[in-house]
Amino acid sequence: MSYRTADSLPPVTLDDVRGAQKMLSGVARVTAMEGSRHLSQLVGAPVHLKCENLQRTGSFKLRGAYVRIAGLLPEERAAGVVAASAGNHAQGVALASSLLGVRSTVFMPKGAPLPKISATQDYGAEVRLHGQVVDETLAAAQEYAAETGAVFIHPFDHPDVIAGQGTVGLEILEQCPEVRTIVVGIGGGGLAAGIAMAVKSLRPDVRIVGVQAAGAAAYPPSLAAGHPVAVDNPATMADGIKVGRPGDVPFRIIGDLVDEVRTVSEDELATALLLCLERAKLVVEPAGASPVAALLSDPGAFEGPVVAVLSGGNVDPVLLERVLRHGMAAQGRYLAVRLRLTDRPGALATLLRVLSVVDANVLDVSHVRTDPRLGLTEAEVELHLETKGPVHCVEVGQALREAGYTVID
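What counts, and where the lines are drawn
- Residues numbered from 1 in each chain as written.
- Predicted model: local features only at pLDDT ≥ 70, side-chain atom pairs only at ≥ 80, totals over all residues.
- Heavy atoms only, no water.
- Helix = DSSP H or I, 4+ residues; strand = E, 2+ residues; numbered from the N terminus.
- Contact = heavy atoms within 4.5 Å.
- Areas by Shrake-Rupley, 256 points an atom, 1.4 Å probe, with all protein chains shown as cover.
- Lys, Arg positive; Asp, Glu negative; His and termini not counted.
- Charge placed at Lys NZ, Arg CZ, Asp CG, Glu CD.
- Buried < 20%, exposed > 50% of the residue type's maximum accessible area, 1.4 Å probe, protein only.
- Pairing = 2+ DSSP bridges.
- Right-handed = clockwise from strand over helix to strand, strands pointing away.
- Salt bridge = Lys/Arg side-chain N within 4 Å of Asp/Glu carboxyl O.
- Axes fitted to C-alpha atoms, helices over the stretch in contact; angles between N-to-C directions.
- Parallel < 35°, antiparallel > 145°, perpendicular 65-115°, else oblique.
- Left-handed = near helix turned anticlockwise from the far one by under 90°.
- Nonpolar A, V, L, I, M, F, W, Y, C, P; charged D, E, K, R; others polar.
- 1 Å grid on protein atoms, 1.4 Å probe; cavity = no way out; pocket = protein on both sides within 12 Å on 5 of 7 lines; lining within 4 Å.
- Points joined across faces, edges and corners; volume = space filled by probe spheres on them.
- Core = buried A, V, L, I, M, F, W, Y, C linked by side-chain atoms within 4.5 Å.

Draft legend 1. Layout of the overall build of the protein. For the protein, the count of helices and strands is 16 helices and 14 strands. For the protein, the C-alpha atoms occupy an extent of roughly 75 × 50 × 40 Å along the three principal directions. Counting only contacts in the protein whose residues sit at least 6 apart along the sequence, the fraction spanning at least 24 positions is 73%. For the protein, the computed accessible surface area is about 17500 Å², with 51% contributed by carbon and sulfur atoms. A distance of 3 Å separates the average location of the 36 positive side-chain charges in the protein from that of its 45 negative side-chain charges.

Draft legend 2. Region of interest: the pairing of strand 7 (residues 181-185). Strand 7 sits mainly inside the fold: 5 of its 5 residues count as buried. Burial along strand 7 is two-sided: the residues T181, V183 and G185 and I182 and V184 are all buried. Direction of pairing for strand 7 relative to strand 8 (residues 207-213): parallel, over a ladder of 5 bridges. Within the sheet, the bridge partner assigned to I182 lies in strand 8 and is I208. Regarding the hand of the β-α-β motif, the stretch spanning strand 7, helix 9 (residues 190-202) and strand 8 is right-handed. Relative to strand 10 (residues 306-310), strand 7 runs parallel, the two sharing 3 bridges. Bridging across to strand 10, I182 finds its partner in V307.

Draft legend 3. Structural view of the pattern of salt bridges. Applying the stated criterion across every chain, the model contains 14 salt bridges. Residue R245 pairs with D248 through a salt bridge whose shortest N-O separation is 3.1 Å. Of the residues examined, R245 reaches a relative accessible area of 36% and is grouped as partly exposed. Connected through salt bridges with shared partners, the residues K50, E52, R63 and E171 form a single ionic network.

Draft legend 4. Main features of the packing of helix 9 against helix 11 (residues 248-257). Closest axis-to-axis distance for the helix 9/helix 11 pair is 9 Å, and the angle between their directions is 50°. In this view, helix 9 runs oblique relative to helix 11, as classed from their interaxial angle. For helix 9 against helix 11, the interelement crossing comes out left-handed. Contacts between helix 9 and helix 11 pair G190, A192, A193, A196, M197 and K200 from the former with P250, I253, I254 and L257 from the latter. Residues of the contact of helix 9 with helix 11, tallied by class, amount to 8 nonpolar, 1 polar and 1 charged.

Draft legend 5. Representation of the pairing of strand 5 (residues 126-129). Taken together, the 4 bridges between strand 4 (residues 104-108) and strand 5 define a ladder with parallel strand orientation. Within strand 5, the position partnered with F107 by the bridge is R128. In this fold, strand 4 hands off to helix 6 (residues 114-122), which returns the chain to strand 5; that crossover is right-handed.

Draft legend 6. Representation of the layout of surface pockets within the structure. Roughly 180 Å³ of internal volume is contained in the second largest pocket. R340, L341, T342, R344, A347, T350, E378, G404, Y405 and T406 are the residues that line the second largest pocket. When contributions to the lining of the second largest pocket are tallied by element, the ones reaching two or more residues are strand 11 (334-342) and helix 15 (347-357). At 3 residues, strand 11 tops the list of elements feeding residues into the lining of the second largest pocket. Considering only residue class, the lining of the second largest pocket consists of 3 nonpolar, 4 polar and 3 charged.

Draft legend 7. Representation of the nonpolar core. I69, V81, I172, V179, I182, I195 and V309 are the most contacted members of the largest nonpolar core, which has 55 residues in total. When near neighbours in sequence (up to four residues on either side) are disregarded, I195 contacts Q165, G166, V168, G169, I182, V184, K200 and V309. Within the second largest apolar cluster, 40 residues are counted, among which are V47, A238, L275 and L295.

Laid out in structure tokens, this is it:
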């Protein structure tokens, strides 16, 4: 059956999630649950990481996409499916369609990372690039559905999708039956709604905490208003939870069952991603790191045992490099400085000796001699340094000034 409006959609029940779990057997992986000693020490209770970044296609999205497409009528399958996504949902729909023998078309923004475009094509979808932002891509996909009769597969605003995502919650209860708090990122709300429905039906004592990026936090004002409220121009590097308006169906569930929604900053997201990579040896995208960011920002607020859901690991390598440097900078482990020096032979070597004395590791040097801002005998140098923390950053700046260099803020 195909549903058209939120009001006509049936509620998602525990039986729906259990049915989805049976449907996904042999299709979606039962992803690992890894303990984190570092986070456990911070929180003062056991912390476990639910590794949906290791799911097929690199995120939880396959679960909901497969359940939704598997539930289509034969005539709907024959018409094919269409989706709009910048990454994870695109790959989930592509693989689910291929496994079920359904033709899929996926609209992606023109600026989507090439690895995500390539992966979506490799999973069997026809990719069409349209628009610069996801809203334009979404409109194009819906227009294509109206013109061709293809079934539009929404990334979060459908009961079948929510039931599929809810299987993550059932796995958490099976893998960590003593869990007291589950922390999960929220974009449109499909994953959080599914987990909350599954877990609260069986364990109403478990606290569910949702996490949004501060620059794309539509749920706090929506919950305060009692209905979905759109956030204009959502801005965050966590594209997996960069959604301007909550979905109607997940909003009702989250409003009833999610205990709290927190927000995290871009610095906290970057620091969390870096921690996952260094301490847990897990590649996680910024959206997937959002629960860890919440734990780091206020570790005393979570009753343990805690399960943090790492929702995805599909991070563009270019973005990963930027985020890692940002995370290192937020921890005082990366410092970029510009300074002026007299342009004479050996001047750069003298500068590097000063940095060597204070044990700053030089990662990159940019040396400019010709610029209208510079005097005839001046040169400007930009240095990217690896440092040991905030105190060391201050020591480096002080050493440069004491050596007579003009540091440009």
